[in-house]
Amino acid sequence: MLELPTKLLSLGTGQEATYNTLEHMARLISNGAKSYEVRSVAVELVKHLPAKDQWAEVRSIFNFVKTYMRYTKDPHGVEMLHTPQAILKLIKEDSPAPGDCDDLSILFASLVKSIGYPVRLKVISTHPTGRFTHVYPQVKVYDKWVSADLAALDRPLGWQPTSISRQMIKEV
């Protein structure tokens, strides 16, 4: 298995941890979108498509992440966030790469942002308590925000949970 550099962060607890996690994810996405490694993969994924076909480009990247990542929970009691470059390295060396909803979100959002699409993160609760339990990216396609819940294994681009009791949006 490929060994990746790891940095432990104190993200706090409760709502503070949610805000801090979203801030860190947004930084990883923004920095990743500016990297050669991330942009070159995105360009490769869309170069065979008709120019300016936004749906085709976003769908191609969505399908790539679904194909080459496997939803895998973080270690119990630990929140792990990986750079998109590290995830791409895992895909290259040991596909499918493991990752939970935040890792899937980081990779997808970085890839689409690297080729010009606005992105944001949506964190949600589907529980009566309102405790946030899931995050997924949204991408602007033809001036409409489209959900990309890659952790919902059998769901297409554009699907999102219907029983959302609480949500928060983080612009990237």
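Counting starts from 1 at the beginning of each chain's written sequence and moves along it residue by residue. Side-chain atom pairs in this predicted model are given and counted only at pLDDT of 80 or more, local residue features only at pLDDT of at least 70, and totals for whole chains, interfaces and linings cover all residues. Side-chain descriptors were evaluated using all non-hydrogen atoms of the structure, hydrogens and water having been removed beforehand.

Draft legend 1. Quick look at the packing of aromatic side chains. The aromatic pairing rule takes the rings of Phe, Tyr and Trp, using the six-membered ring of Trp, and pairs them if the centres are within 6.5 Å, calling planes under 30 degrees apart stacked, those over 60 edge-to-face and the rest tilted. Tallying each qualifying case throughout the model produces 2 aromatic pairs. With a centroid separation of 5.1 Å and 40 degrees between ring planes, the pair formed by Phe64 and Tyr68 is classed as tilted. With Phe64 and Tyr68 both in helix α3 (residues 54-68) and 4 residues apart, the pair spans about one turn of that helix. Here Phe64 falls in the buried class, since its relative accessible area comes to 13%. Each residue is assigned to one of three classes by its accessible area relative to the maximum for its type, calculated with a 1.4 Å probe on protein chains only: buried under 20%, partly exposed between the two thresholds, exposed over 50%. Judged by its relative accessible area of 35%, Tyr68 falls in the partly exposed class. Runs of E in the DSSP output that reach at least two residues are strands. Runs of H or I that reach at least four are helices, and both are numbered from the N terminus.

Draft legend 2. Representation of the sheet that holds strand β4 (residues 134-141) within the structure. The 4 strands are arranged β5-β4-β3-β6 in an open sheet whose pairing can be described as antiparallel. Of all strands in the sheet, those with a lone pairing partner are β5 (144-147) and β6 (166-171), marking the two edges. This sheet shows a mean twist of 30 degrees between the axes of neighbouring strands, independent of strand direction. In terms of strand pairing, strand β3 (residues 119-125) meets β6 through 6 bridges, oriented antiparallel. Only strands that DSSP links by at least two bridges are regarded as paired with each other. Here, axes are lines fitted to C-alpha atoms. For helices the fit covers the stretch in contact, and angles between N-to-C directions go from 0 to 180 degrees.

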